[in-house]
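So you can see what is in the structure, the chains are spelled out below.
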Amino acid sequence: MELTVDSPLDLHLHLREQAMLSLVAPFSAAQFAAGVIMPNLVHPVDNLQRLRSYRQQIIAACGNQPFTPLMTLFFRDYSRDELLAAREEIIGVKLYPAGITTQSEDGVRDFDRIGDTVALLEELDIPLLVHGETSGFVMDREREFLTVYQWLAETFPRLRIVMEHITTAAAVAFLERYDHIAATVTLHHLMITLDDVAGGLLQPDLFCKPIAKTPQDREALRRAVFSGHPRLCFGSDSAPHPRHTKECCGCAAGVFSAPVALPMLVQLFEENGCLERLSDFLSANGRRFYRVEPPPRRVTLERIPWQVPEQFETVKPFLHGQTLRWRLKNQQ
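Now for a description of the structure that goes with this document. A quick note: this is a predicted structure, and the numbers were derived from the prediction, not measured.

In spatial order, the strands read β2-β3-β4-β5-β6-β7-β8-β9; together these eight strands make up an open sheet with parallel pairing. Edge positions in the open sheet fall to β2 (9-13) and β9 (232-234), since each of these has one partner strand only. Each neighbouring strand pair of the sheet contributes to a mean axis angle of 30°, computed without reference to strand direction. The strands touched by helix α2 (residues 48-61) within the sheet are β3 (34-37) and β4 (68-74), with β4 carrying the most contacts at an inclination of about 150°.

Below, the structure written as structure tokens:
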């Protein structure tokens, strides 16, 4: 049995730099027509020159795979001229609260001071992508941030806003309030809860930000995704880290799901009897909200079991050692 997906998109992707970029980019390029590239590098992607250089590095790392990097700028105080110059080369601007996740130290510290830049994004019709967490108690951070989303939505009613990697029932419910807000959902948040991360021996490869939540939150995500919510899109938030930053004190946050993203999504949608809705989650919803049309590409999977390797060089993938029912066609 085979299944072909038209122009699948990964709308939230970390590709890192240098040797790590060369290692991980081919996994995403093999499965997706395009990906929204996160800008939180060691030195953030916050100007057009750096963005162009990073885009060329990604293209080179993908080799002959027909993958389009959809670039983002790291949020800062931009002038109108800067955003006008960048508008045709970016899919959006990514906002991180300062220090909330990996390499976000240069993020926003005072939300009372971002209005001028956000108004320019609204005027120029540039989407705002948001890592929506406060610095409060870890299980409450996403819920607490909903007040910021409400302020953004009501103050800037023409601004397209993307709530990145939502994890809670409250975020799913909030999505219903504003038509100009969409959200991405990861593979791992559709599968795991906090119990998988810390209910027994600590599992560092499942530790991510935002942290996995309760079974009730996971069920709310699943219901919304599998029922075909039109403003929910797939964003893997695949975030590789080498072993020495995972198996240590101060474990780095991130789940490296790129090698299994598409095969496992097909398996999940098949198990839940909604394969006909997969293409909307993977492609149509994102293309419609972002108003983007990537180069056409058809990716075919076949129903042949394969075992996920334990490790790729220095990085462990999500579901390592497990057997999946679907694989990319011609996968060895």
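The strand order across the open sheet formed by three strands is β1-β10-β13, and the pairing between neighbours is antiparallel. Unpaired on one side and paired on the other, β1 (2-6) and β13 (327-328) mark the two borders of the sheet. In this sheet, strand β10 (residues 298-302) lies alongside β1 in antiparallel orientation, the contact comprising five bridges. Its bridge partner being in β10, T4 is matched across the sheet by T300.

Quick look at the side chain of R297 now. If you trace the backbone, R297 turns up in the loop between α12 (278-290) and β10. Here R297 is buried and forms no salt bridge, its nearest opposite-charge partner D6 lying at an N-O distance of 10 Å. From its side chain, R297 meets the backbone oxygen of F32 in a polar contact 2.6 Å long. Beyond its immediate sequence surroundings of up to four residues, R297 is in contact with V5, D6, S7, P8, A29, A30, Q31, F32, A33, Q65 and P66.

Attention now moves to the packing of aromatic side chains. Counting across every chain of the model gives 13 aromatic pairs. In this structure an aromatic cluster arises from ring pairing among F32, F226, F234, F269 and F281.

The next subject is the packing of helix α1 (residues 18-31) against α2. When two helices pack together, you describe them by how their axes are tilted relative to each other and by the distance separating the axes. The interhelical angle for the contact between α1 and α2, taken along N-to-C directions, is 65°, at an axis separation of 8 Å. Judged by the twist between their axes, the crossing of α1 over α2 is right-handed. Mapping the contact onto sequence places L21, S22, A25 and P26 in α1 and Y54, Q57, I58 and A61 in α2. Broken down by class, the residue content of the contact of α1 with α2 amounts to six nonpolar, two polar and no charged.

Before going further, it helps to examine the side chain of T167. Following the sequence through the fold, T167 ends up in the loop between β7 (161-163) and α6 (169-175). Here T167 falls in the buried class, since its relative accessible area comes to 2%. Among the polar contacts listed, one links the side chain of T167 to the side chain of E142, at a separation of 2.7 Å. Side-chain polar atoms of T167 contact the side chain of K213, separated by 2.9 Å. Discounting chain neighbours no more than four positions away, the residues touching T167 are E142, H189, P210, I211, K213, D217 and L221.

Glancing now at the pattern of salt bridges. All told, the structure shown has 22 salt bridges when counted by the stated rule. The shortest N-O distance in the salt bridge between R50 and E17 comes to 3.5 Å. Taken together, the residues span a long stretch of sequence, with R50 in helix α2 and E17 in the loop between β2 and α1 at a distance of 33 residues. Of the charged contacts in the structure, one is a salt bridge between E89 and R52, with a shortest N-O distance of 2.6 Å. Of this pair, E89 sits in the loop between α3 (80-86) and β5 (92-95) while R52 sits in helix α2, placing them 37 residues apart in sequence. Here the salt bridges share partners, and the residues they tie into one network are E270, E271, R303 and R325.

For G235, the location among the structural elements is in the loop between β9 and α10 (243-246). Overall, the relative accessible area of 0% leaves G235 in the buried class. For the pair formed by G235 and R287, sequence separation is 52 residues and the distance between their alpha carbons is 13 Å. Every residue in contact with G235, bar those within four places of it in the chain, is listed here: D10, L11, H12, T184, V185 and T186.

End to end, helix α9 (residues 215-226) covers 16 Å across 12 residues, agreeing with the expected 16 Å (1.5 Å per residue, within 8%). Every buried residue of α9 is accounted for by D217, A220, L221, A224, V225 and F226. Along its buried surface, α9 packs onto α6, β8 (181-185), α7 (187-191), β9, α11 (261-271) and α12. Just past α9, the residue G228 takes up positive phi, approximately 90°.

Definitions and cut-offs
Counting of residues starts from 1 at the beginning of each chain's written sequence and follows it residue by residue. For a predicted model such as this one, the threshold for reporting local features is a pLDDT of at least 70, and the threshold for listing and counting side-chain atom pairs is 80 or more; totals across whole chains, interfaces and linings nevertheless cover every residue. Side-chain calculation: all heavy atoms of the structure are included, whereas hydrogens and water are not. Strands are labelled as partners when DSSP assigns at least two bridges between them. Only DSSP runs of H or I covering at least 4 residues are called helices, and only runs of E covering at least 2 are called strands; the numbering of each starts at the N terminus. To define axes, lines are fitted to C-alpha atoms, for helices over the stretch in contact only, and angles between the resulting N-to-C directions are given on a 0 to 180 degree scale. What makes two residues a contact is simply this: any of their non-hydrogen atoms within 4.5 Å. The rule is simple: take the accessible area with a 1.4 Å probe, protein chains only, and divide by the maximum for that residue type; under 20% is buried, over 50% is exposed, in between is partly exposed. A residue counts as positive if it is Lys or Arg and as negative if it is Asp or Glu; His and the chain ends are not included. Salt bridges are counted wherever a side-chain nitrogen of Lys or Arg sits within 4 Å of a carboxyl oxygen of Asp or Glu. N or O atoms closer than or at 3.5 Å make up a polar contact, with two conditions inside protein: a donor-capable atom paired with an acceptor-capable one, and, for residues adjacent in sequence, both atoms drawn from side chains. Pairing of aromatic side chains here covers Phe, Tyr and the six-membered ring of Trp, requires ring centres within 6.5 Å, and sorts the geometry by plane angle: under 30 degrees stacked, over 60 edge-to-face, intermediate tilted. Here a crossing is taken to be left-handed if its near helix is turned anticlockwise relative to the far helix by less than a right angle, and right-handed if that turn runs clockwise. Throughout, the ten residues Ala, Val, Leu, Ile, Met, Phe, Trp, Tyr, Cys and Pro are labelled nonpolar, Asp, Glu, Lys and Arg are labelled charged, and all others, Gly among them, are labelled polar. By this rule the span expected of a helix is its residue count minus one, scaled by 1.5 Å.

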